[in-house]
Amino acid sequence: MSDKSEQQRLSVFKTYKLYVGGKFPRSESGRVYEVTDSKGNWLANVPLSSRKDARDAVVAARKAFGGWSGATAYNRGQILYRIAEMLEGRREQYVREVADAEGLSKSKAVAQVDAAIDRWVWYAGWTDKIAQVVGGGNPVAGPFFNLSSPEPTGVVAIVAPQESSFLGLVNVLAPVIATGNTAIVVASEKSPLPALSLGEVLATSDLPGGVVNVLSGRTAEIATPLAAHQDVNAIDLAGAGEDLAKELEIAAADNLKRVLRPQPVDHAATPGIDRMTAFLETKTVWHPTGSLGASGSSY
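The shown structure was predicted, so the numbers you read here are calculated from the model rather than taken from an experiment. (Residues numbered from 1 in each chain as written. Predicted model: local features only at pLDDT ≥ 70, side-chain atom pairs only at ≥ 80, totals over all residues. Heavy atoms only, no water.)

**Quick word on the packing of helix α4 (residues 91-102) against helix α8 (residues 193-203)**
It is the contact of α4 with α8, at a shortest axis distance of 9 Å, that shows an interaxial angle of 160°. Classified by the angle their axes make, α4 and α8 are roughly antiparallel. Classified by chirality, the crossing of α8 by α4 is left-handed. Contacts between α4 and α8 involve Q93, Y94, E97, V98 and A101 from the former and L193, P194, S197, L198 and V201 from the latter. Residue composition of the contact of α4 with α8, grouped by class: seven nonpolar, two polar and one charged. (Axes fitted to C-alpha atoms, helices over the stretch in contact; angles between N-to-C directions. Helix = DSSP H or I, 4+ residues; strand = E, 2+ residues; numbered from the N terminus. Parallel < 35°, antiparallel > 145°, perpendicular 65-115°, else oblique. Left-handed = near helix turned anticlockwise from the far one by under 90°. Contact = heavy atoms within 4.5 Å. Nonpolar A, V, L, I, M, F, W, Y, C, P; charged D, E, K, R; others polar.)

Below you can see the structure in the form of structure tokens.
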């Protein structure tokens, strides 16, 4: 009897949604597009984000920036480590999604997912150390303390890598939020499912809503309004083709956004700190030491 009922059971297909402001909305346009695997087989219908969705994501990222940038570096590290913990618990799901998305064997997909989880741990360890590397006291010729410390740039738009749908995504996202920025991710147009699933992990990992926002759809359609948006402070063009990257860079110049241009990257290699420092500003403070002139006396 049970065998017969199992044979008659219908599959429950997963509904993929955007991740904006800590919630899971459908695109306000109501549009979707089909995502297929490497062999052309249908995998899912995913939201086709509009310009309005992009603007909503910027509002959410800006609202979250104050709290996230003001959190202690230690606290941010704890939350990034919690993301790794949650991903470890859903490892098999991501192996399946990455294998389907990128046409990989299971063993290669396992390697990609494990590396992505490890990368979260790696950046979690950097949150309270990056200031010691890029900040510090500066020698000056005068009776002053001169101290430099890094601060996050603000709201960062990220065009995620097109081919490395999960490990590449983590490589560009983790350093942005590790240093206190908030992010709007334009997921891989061809393989958005791992990015959309990541939103479900972020929502249950103590990460405040709005710190990361994930949009799926046509890369050019979503990235163009983000590059031109006056309340976006920086943009990472990792997943933009040469022509699109040029257009986005021109649009980004309108409010002097920081721009990280596309560059060849070995996503499996241990990253340096370049992607963290790319979206940091340096604040320098001068403070008198109390010296009272040439005699060298002080109080």
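**Considerations on the side chain of E102**
Residue position: E102 is located in helix α4. One buried charged residue, E102, remains without a salt bridge, the closest side chain of opposite sign being K190 at 7.5 Å. At 2.7 Å, the side chain of E102 and the side chain of S165 are in polar contact. Beyond its immediate chain neighbours, meaning those up to four positions away, E102 contacts Q112, E163, S164, S165 and F166. (Buried < 20%, exposed > 50% of the residue type's maximum accessible area, 1.4 Å probe, protein only. Lys, Arg positive; Asp, Glu negative; His and termini not counted. Salt bridge = Lys/Arg side-chain N within 4 Å of Asp/Glu carboxyl O. Polar contact = N/O pair within 3.5 Å; in protein donor to acceptor, adjacent residues only side chain to side chain.)

**Some thoughts on the sheet that holds strand β6 (residues 182-186)**
Read from one edge of the open sheet, five strands run β7-β6-β5-β8-β9, paired in parallel fashion. Of all the strands in the sheet, the pair left with one neighbour each is β7 (212-215) and β9 (258-260). Across the sheet, the mean angle separating the axes of adjacent strands is 15° when strand polarity is ignored. Inspection of the sheet shows strand β5 (residues 155-159) paired to strand β8 (residues 234-236) by three bridges, in the parallel sense. Directly across from V156, in β8, lies its bridge partner A234. Lying on the sheet, helix α7 (residues 167-178) is in contact with β5, β6, β7 and β8; it crosses β6 at an angle near 160°. Seen against the sheet, helix α9 (residues 219-228) touches β5, β6, β7 and β8 and runs at an angle of roughly 150° to β6. (Pairing = 2+ DSSP bridges.)

**Overview of the pattern of salt bridges**
Where side chains of opposite charge bring their charged atoms close, a pairing between them can arise. Taken as a whole, this structure holds 15 salt bridges when the rule is applied. The partner of R62 in a salt bridge is D231, and the shortest N-O contact between them spans 3.1 Å. Taken together, the residues R62 in helix α2 (residues 51-70) and D231 in the loop between α9 and β8 connect sequence positions 169 residues apart. Residue classification places R62 among the partly exposed residues on the basis of a relative accessible area of 27%. Of the charged contacts in the structure, one is a salt bridge between K283 and E151, with a shortest N-O distance of 3.1 Å. In this pair, K283 sits in strand β10 (residues 280-288) while E151 sits in strand β4 (residues 144-152), placing the two residues 132 residues apart along the sequence. On the basis of relative accessible area, K283 is assigned to the partly exposed category, the value being 39%. Using a relative accessible area of 33% as the deciding quantity, one classes E151 as partly exposed. When salt bridges with common partners are traced through the structure, they connect K14, R90 and E200 into a single cluster.

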